[in-house]
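Structure at a glance
Listed below, chain by chain, are the residues.
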Amino acid sequence: MRAITCLHDALITRARQSPQAVAVVEPGQGSISYGELDALSDRLRDRLTQLGVGRGDRVGIYLRKSIDSVATLLGAIKAGAAYVPVDPGAPAARGAYILDNCAVKVVVVDATLADKLGAALEERSAEPTVIAVNGSLVGGAGLRAALDAADERASAPGVSSVRSDPGDLAYILYTSGSTGKPKGVMLSHENAVSFVDWCSESFSPTAADRFSSHAPFHFDLSILDIHVCLKHGATLVLIGEDIGKDAPRLAQLIADERISIWYSAPSILALLAQFGGLAKHDYSSLRQVLFAGEVFAVKHLRALCELWPRPRYFNLYGPTETNVCTWHEVPLPVPPERNTPYPIGKVCSHLRARVLDQDGTVVTRGSEGELCIAGPGVMRGYWALPEQTSTGFFKDADGTAWYRTGDIVTEAEDACYTYLGRRDRMVKRRGYRVELGEIEAGLYRHAKVKEVAVVAFADELAGLSITAFLSSHEAKRPSLIEIKRFCAENLPLYMIPDKFTWFDSLPKTSTDKINYQRLKELG
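Heads up: these notes are all about the structure in this document.

The rules we used
- Residues numbered from 1 in each chain as written.
- Predicted model: local features only at pLDDT ≥ 70, side-chain atom pairs only at ≥ 80, totals over all residues.
- Heavy atoms only, no water.
- Buried < 20%, exposed > 50% of the residue type's maximum accessible area, 1.4 Å probe, protein only.
- Helix = DSSP H or I, 4+ residues; strand = E, 2+ residues; numbered from the N terminus.
- Contact = heavy atoms within 4.5 Å.
- Expected span 1.5 Å × (residues − 1).
- Pairing = 2+ DSSP bridges.
- Axes fitted to C-alpha atoms, helices over the stretch in contact; angles between N-to-C directions.
- Core = buried A, V, L, I, M, F, W, Y, C linked by side-chain atoms within 4.5 Å.
- Parallel < 35°, antiparallel > 145°, perpendicular 65-115°, else oblique.
- Left-handed = near helix turned anticlockwise from the far one by under 90°.
- Nonpolar A, V, L, I, M, F, W, Y, C, P; charged D, E, K, R; others polar.
- Salt bridge = Lys/Arg side-chain N within 4 Å of Asp/Glu carboxyl O.

**Structural notes on helix H11 (residues 266-275)**
Among the residues making up H11, those that are buried are Pro266, Ile268, Leu269, Ala270, Leu272 and Ala273. Turning to H11, the residues buried within the fold contact helix H9 (241-244), helix H10 (247-256), strand S11 (261-264), strand S12 (288-291) and helix H12 (298-307). Following H11 by one or two positions, glycine 277 adopts a phi angle in the positive range, close to 60°.

Printed below as a string of structure tokens:
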């Protein structure tokens, strides 16, 4: 039986063992050692405790990716709270909804975003304590300055880090919701530690490794980046949004920072293979390339493997509710005749998998069914959504709760799973889970929109494109600029449709429901 520890134990241990080792790097701006990161997160822990944060509370993080945000999430769990990272690039109203929904007691926010967020929280009558951080200061200086200013007003006595129980919440990650509102996935210390331990066994990281941090902290890929890295005393290289999708600059950064373990959505790797100019750089440090979040088109994977022939490649699969639950090492070289995606692989050693039909009966190997997962890595449930939590699981005769992933798969004789598609209207876009219903709900908030139906289409270059079909209450329809501006104010960037098509009235079925099949044919 694996011994369960707190998620923050790893940092504390490494800070004692190697206080001078570099923990986190902000390329071209600064870095922080393990000892300094431990001390800075301790200071935030003390301040949060002084503000009344304790075991079971929630702390919001509304910061751009930085050393400050790494120290903040560590300080929150040291105080016994769960950290709730929110996308600072999404509309403030969405961030305020999330922070209000899970009733954060304190939110640490970038000072330049504080006014907009504060106004959005006020509209919801939410009043968490706000710690504003100057995001222009680097290397942890912004958070230090904010804590210094707070200490001048009232000191925060030093306290010990909370020894969280395995079932205590470590973080809540909000994902797209089919009701039109994001829903919070509750992950415990046991969930997180069991996943980090599995990564350690599977990928054998060392203190010499340099991990990429490409995923934003509100995205579940960040759990591997941050916590596996810190457990092994390695160095985390932060990659901001400004460079994260700029293929030539990103290619240069990977080489310059000597990244050895890379993890991202396939769309980013495809972008690098096509437009990064990878042949110009030295990637001798790169030893593992991990990808997850969407299907990796084989032609782009093949091109990448030809440009980066040295690393091992791993296809990781899993929803936010389980983090990674299956994995598959890509055998190299990728044959020129292969044109189908690689399987999602075998179940991770800390989990169990079953393929069930609609009645909850295990299907025979080779037959299609829904992949269901059980084990210590599976979420506790959705925040304040008991019905969705209940329907999200299937309980068998011995009481084991199996999480229904919603993904349709087949299982081969060697227990390797192949992904076939979804049973609902959820899609993966740039690695993010997107409920098409949430996009529809956002568009319905436009005063001129009468009907809306959102459809996803396969796209050879981007992997997926999204079209919104609409009708208007008025003869004069909103312009493309107007509707795009509206989307930017009401939806996260990754949810904004690629195309908008207007009708006088959307096609209907015989029961007067929107005919999605007809729209797919028209698209």
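**Side note on helix H2 (residues 34-50)**
Along its 17 residues, H2 runs 24 Å from first to last C-alpha, staying within 8% of the 24 Å computed at 1.5 Å per residue. Residues Tyr34, Leu37, Asp38, Leu40, Ser41, Asp42, Leu44, Arg45, Asp46, Arg47 and Leu48 constitute the buried set of H2. Two residues or fewer after H2 comes glycine 52, characterised by a positive phi angle close to 95°.

**Digging into the sheet that holds strand S24 (residues 449-459)**
The strand order S24-S25-S26 describes an open sheet built from three strands, whose pairing is mixed. Both edges of this open sheet fall to S24 and strand S26 (499-503), since each of them pairs with a single strand only. On average, each strand axis in the sheet is inclined to that of its neighbour by 25°, with strand direction left out of account. As defined by bridge partners, S24 adjoins strand S25 (residues 463-472) across 10 bridges and the pair is classed as antiparallel.

**What to know about the nonpolar core**
One finds Leu37, Leu316 and Leu443 to be the most contacted residues of the largest nonpolar core, which totals 103 residues. Setting aside residues up to four positions removed in sequence, leucine 443 forms contacts with Val449, Val452, Val454, Ala468, Leu470, Ile483, Phe486, Cys487 and Phe500. Of all hydrophobic cores here, the second largest spans 30 residues; its members include Ala255, Val289, Leu301 and Val330.

**Points about the pairing of strand S8 (residues 183-188)**
With six of six residues buried, S8 is to be regarded as a mostly interior element. Burial along S8 is two-sided: the face carrying Lys183, Val185 and Leu187 and the face carrying Gly184, Met186 and Ser188 are both buried. Bridge count for strand S7 (residues 169-175) against S8 is six bridges, and the pairing is antiparallel. Bridging from a neighbouring strand, leucine 173 pairs with valine 185 of S8.

**Structural notes on the packing of H2 against helix H6 (residues 141-153)**
Think of two packed helices as two axes; the pair is described by the angle between the axes and how far apart they sit. At a closest axis distance of 11 Å, the pairing of H2 and H6 adopts a crossing angle of 40°. The angle between H2 and H6 places the two elements in the oblique class. Between H2 and H6 lies a crossing of left-handed hand. Along the contact surface, H2 presents Glu36, Leu40, Arg43, Leu44 and Arg47, while H6 presents Leu143, Arg144, Leu147, Asp148, Ala150 and Asp151. When the residues that make up the contact of H2 with H6 are grouped by side-chain class, the tally is five nonpolar, no polar and six charged.

**Points about the pairing of strand S22 (residues 426-429)**
As paired elements, S22 and strand S23 (residues 432-435) share four bridges and run antiparallel to each other. Among the inter-strand pairings, lysine 428 is bridged to a residue of S23, identified as arginine 433. Between S22 and the antiparallel strand that follows it, S23, lie two residues; arginine 430 among them carries a positive phi value of about 55°.

**Some words on the environment of tyrosine 444**
Mapped onto the elements of the fold, tyrosine 444 is located in helix H14 (residues 436-444). On the basis of relative accessibility, which here comes to 40%, the residue tyrosine 444 falls in the partly exposed class. It is 17 Å that separates the C-alpha atoms of tyrosine 444 and aspartate 498, two residues lying 54 residues apart in sequence. Ignoring sequence-local partners within four residues, the contact set of tyrosine 444 consists of Val449, Lys450, Glu451 and Val452.

**Topic: the side chain of asparagine 323**
Locating asparagine 323 in the fold gives a position in the loop between strand S13 (312-317) and strand S14 (326-329). With residues near it in sequence (within four places) discarded, asparagine 323 still touches Phe195, Asp220, Ile223, Tyr317 and Gly318.

**Considerations on the pattern of salt bridges**
Per the counting criterion, the structure on display carries 32 salt bridges. Residue aspartate 46 pairs with arginine 45 through a salt bridge whose shortest N-O separation is 3.0 Å. The class for aspartate 46 is buried, based on a relative accessible area of 11%. Classification of arginine 45 as buried rests on a relative accessible area of 8%. Residue aspartate 209 pairs with arginine 287 through a salt bridge whose shortest N-O separation is 2.7 Å. Residue aspartate 209 is found in the loop between helix H7 (189-203) and strand S9 (210-213), and its partner arginine 287 is found in the loop between H11 and S12; the two are separated by 78 residues along the sequence. Taken together, the salt bridges that share partners define one network made up of Asp38, Asp42, Arg45, Asp46 and Lys78.

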